[in-house]
Amino acid sequence: MNSNRTVQKPRLGLVGIWCAAAIGALAPLALAPPPPGAHAQVPANAAAQMKMVILGYNELGMHCMNQDFSELCILPPFNTMRATIVDRSGSDPRIVSAGVTVRYSIPGNTHSYDKTNFWDYAQALFGKPFPRDVGLGGTSLSGPMTLNAAGQWEATGVPLTPITDAGKLDPYQKARLVVTQNGVTVGKAQPVIPVSWEISCNLCHTSPGISVAANILRSHDRRHGTSLETQKPVLCAKCHADPALGAAGTAGVPSMSAAMHTAHAPRMTALNLKVACYACHPGIRTQCQRDVHFSKGIDCLSCHGGMLQVGASTRTPWVDEPHCGDCHHVPGHEYEQAGKLFKLSQGHHGVFCTACHSSPHAVAPAVTSADTVQPMNTQGKPGTINLCAVCHKSTPDDPFDHVFSTGD
């Protein structure tokens with residue numbers, strides 16, 4: 001591949017500092033709750049009035065990625081879309097795991113190859129080349145979803161960037177999910193498929209005459225006796241274990257999470273940011289925490305603790321996470337299943353928690369307008385999917401149960 005190819009992308013700095021023009025477009029949207037008793041019935045034109053209701057959700061509330069891969073890679077383009085399908089045509093609803101075709105696409109975003117140089121450096125970083133617009137999971141920007149081991153329909157590793165085909169910067173694009181049976185469309189949905197490259201390394205890592213990435217690698221070499229600057233492009237997870245990439249790392253070397261959080265923890269005060277996490281996680285403009293907790297003044301530290309806690313060597317990144325049951329204690333309610341994270345847990349008759357509540361950091365009602373589209377189409381109001389009529393033809397006599405059960 002030609003690494004000198006001109007990539008059509010905005011000039012955003014090393015790993016994605018956003019242009020100021022995007023700020024207004026990304027301002028959170030305050031949502032007023034519906035009045036009591038409103039939306040008692042699902043609208044006649046709602047997606048739930050089709051034979052099947054499909055509820056889509058992302059594995060994460062936000063996926064972040066590098067924009068430029070010529071010198072280092074923290075995270076590649078890798079977005080995972082999931083869905084739960086319920087057949088509501090019979091006397092009782094049932095979860096669908098076979099007999100249908102499920103396809104995904106991202107309207108307005110059909111190619112990524114000319115928006116990032118990932119494909120120029122994929123072989124050097126990951127040991128093998130990838131066809132244009134095909135990601136590490138073997139998926140492209142449209143295609144079929146398959147059933148994963150947990151029983152969710154999934155498209156793994158979609159190589160989406162935050163730049164649309166029209167050149168617009170949009171971290172909250174909407175996917176289009178379509179369910180067909182015998183060639184007939186029986187369900188559809190528009191969940192958010194979030195991605196951002198607002199990893200603001202340039203807030204600290206700047207040196208005259210060299211790139212931000214070179215500054216990072218040079219600093220690492222000076223502090224740890226490595227020679228990374230002469231080995232570009234560098235995959236951080238080659239040495240620092242990162243469960244997000246399935247990377248085991250090098251024995252005796254701290255995990256990516258431990259290294260990043262513990263090294264940067266004492267340096268955040270100088271930035272004087274309202275949310276220090278946004279110095280690295282998307283971000284000052286993206287504001288990836290946009291959920292009901294955000295609306296109630298509950299921030300990153302409230303659930304995850306401080307950076308030293310997140311970076312503790314005793315913690316397994318992406319596995320040891322906060323649990324809903326740590327704070328929520330409604331009598332008779334179960335939260336995550338034992339030994340499972342929220343994003344993999346099931347509740348009401350086997351329905352995945354994220355199907356009704358949405359993804360971590362986007363738990364309904366989210367404050368971003370894009371996140372309200374699916375619930376509005378499904379039940380005629382924003383917020384948690386909580387109307388019985390979404391899945392049931394008639395309201396059951398039994399009270400709603402917030403527990404995992406595969407029975408009737």
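Residues numbered from 1 in each chain as written. Predicted model: local features only at pLDDT ≥ 70, side-chain atom pairs only at ≥ 80, totals over all residues. Heavy atoms only, no water.

J.: Sorry if this is basic, but what is going on with the overall build of the protein here?
T.: Helix and strand counts for the protein come out as eight helices and 14 strands. Here the protein holds 408 residues, and the buried ones make up 47% of them. Residue pairs in contact within the protein that sit at least 24 positions apart in sequence constitute 67% of those at least 6 positions apart. For the protein, the exposed area adds up to about 19600 Å²; of that, 56% sits on carbon and sulfur atoms. (Helix = DSSP H or I, 4+ residues; strand = E, 2+ residues; numbered from the N terminus. Buried < 20%, exposed > 50% of the residue type's maximum accessible area, 1.4 Å probe, protein only. Contact = heavy atoms within 4.5 Å. Areas by Shrake-Rupley, 256 points an atom, 1.4 Å probe, with all protein chains shown as cover.)

J.: Where do I start with the sheet that holds strand 13 (residues 192-196) in this structure?
T.: Strand-to-strand pairing in sheets goes through backbone hydrogen bonds, with the strands running parallel or antiparallel. Spatial strand order, 2-13-10: three strands in an open sheet with mixed pairing. Each edge of the sheet is formed by a strand with only one pairing partner; in this case those strands are strand 2 (63-64) and strand 10 (172-174). The pairing of strand 2 with strand 13 spans two bridges and is classified as parallel. Bridge assignment links H63 to a residue of strand 13, and that residue is V195. (Pairing = 2+ DSSP bridges.)

J.: Even after reading the chapter, I still don't get the pairing of strand 12 (residues 184-189), so can you show me in this structure?
T.: Look at any regular strand and the pattern is simple: side chains alternate between the two faces of the sheet. Bridging between strand 11 (residues 176-181) and strand 12 involves five bridges; their strand directions are antiparallel. In the strand pairing of strand 12, V178 is matched with K188. Following strand 11, the chain reverses through two residues before pairing antiparallel with strand 12; N182 in that reversal takes a positive phi of roughly 55°.

J.: Just to check I follow, could you spell out the side chain of N66 for this structure?
T.: Tracing the chain through its elements places N66 in the loop between strand 2 and strand 3 (72-73). By relative accessible area, which is 0% here, N66 ends up buried. Within polar-contact distance, the side chain of N66 engages the backbone oxygen of L72 at 3.3 Å. Polar side-chain contacts of N66 include one of 2.8 Å to the backbone nitrogen of I74. (Polar contact = N/O pair within 3.5 Å; in protein donor to acceptor, adjacent residues only side chain to side chain.)

J.: Just checking my understanding: could you explain the pattern of salt bridges for this structure?
T.: When the charged atoms of two side chains with opposite charge come close together, those side chains can pair. Scanning all chains against the criterion turns up eight salt bridges. Residue E154 is joined to R82 by a salt bridge in which the shortest nitrogen-to-oxygen separation is 2.6 Å. Highlighted residues: E154 in strand 9 (residues 153-158) and R82 in strand 4 (residues 79-87), separated in sequence by 72 residues. Take E154 and R82: they sit in the same class, and that class is buried. Between R218 and E229 there is a salt bridge; the shortest N-O distance is 2.8 Å. You can see R218 sitting in helix 2 (residues 212-224) and its partner E229 sitting in the loop between helix 2 and strand 14 (234-235), a full eleven residues away along the chain. On the basis of relative accessibility, which here comes to 38%, the residue R218 falls in the partly exposed class. (Salt bridge = Lys/Arg side-chain N within 4 Å of Asp/Glu carboxyl O.)

J.: Please explain unusual backbone geometry as it appears in this structure.
T.: Excluding glycine, residues mostly carry a negative phi; peptide bonds, for their part, are mostly trans. In this model, K232 is joined to P233 through a cis peptide bond whose omega is 0°. Looking along the chain, the bond that leaves A364 and enters P365 is cis, with omega of -5°. Position of P365 relative to the elements: it lies in the loop between helix 7 (353-357) and helix 8 (373-379). A positive phi angle, near 65°, is found at D133, a position not held by glycine. You can see D133 is positioned in the loop between helix 1 (118-126) and strand 7 (142-144). Residue N182 is not a glycine yet carries a positive backbone phi of 55°.

J.: Could you clarify how one ought to interpret empty space enclosed by the protein in this entry?
T.: The rolling of a water-molecule-sized probe over the atoms marks out the regions of remaining empty space. The full count for this structure, using the stated rule, is two cavities of 30 Å³ or more. Taken as a whole, the largest cavity holds about 260 Å³ of empty space. Contributing to the lining of the largest cavity are 29 residues, with S358, A362, D371, Q374 and P375 lying nearest its centre. Of all the secondary-structure elements, those providing two or more residues to the lining of the largest cavity are strand 1 (52-58), strand 13, helix 7 and helix 8. In terms of residues, the lining of the largest cavity owes the most to one element, helix 7, which gives four residues. A breakdown of the residues in the lining of the largest cavity according to their chemical character gives 16 nonpolar, eleven polar and two charged. (1 Å grid on protein atoms, 1.4 Å probe; cavity = no way out; pocket = protein on both sides within 12 Å on 5 of 7 lines; lining within 4 Å. Points joined across faces, edges and corners; volume = space filled by probe spheres on them. Nonpolar A, V, L, I, M, F, W, Y, C, P; charged D, E, K, R; others polar.)

J.: Any chance you could explain helix 1 here in plain terms?
T.: What sets the pattern is the α-helix's 3.6 residues per turn: residues three or four places apart point alike. Along helix 1, the positions that sit buried rather than exposed are F118, W119, D120, Y121, A122 and L125. Taken together, the buried residues of helix 1 touch strand 3 and strand 14. Looking one or two residues past helix 1, G127 carries a phi angle of roughly 85°, positive in sign.

J.: Sorry, what's going on with the pairing of strand 13 here?
T.: With respect to burial, strand 13 is a largely interior element, five of its five residues being buried. What you see with strand 13 is no split at all: V192, P194 and S196 on one side and I193 and V195 on the other are buried throughout. By the bridge criterion, three bridges tie strand 10 to strand 13 in an arrangement that is antiparallel. Within the sheet, the bridge partner assigned to Q173 lies in strand 13 and is I193.

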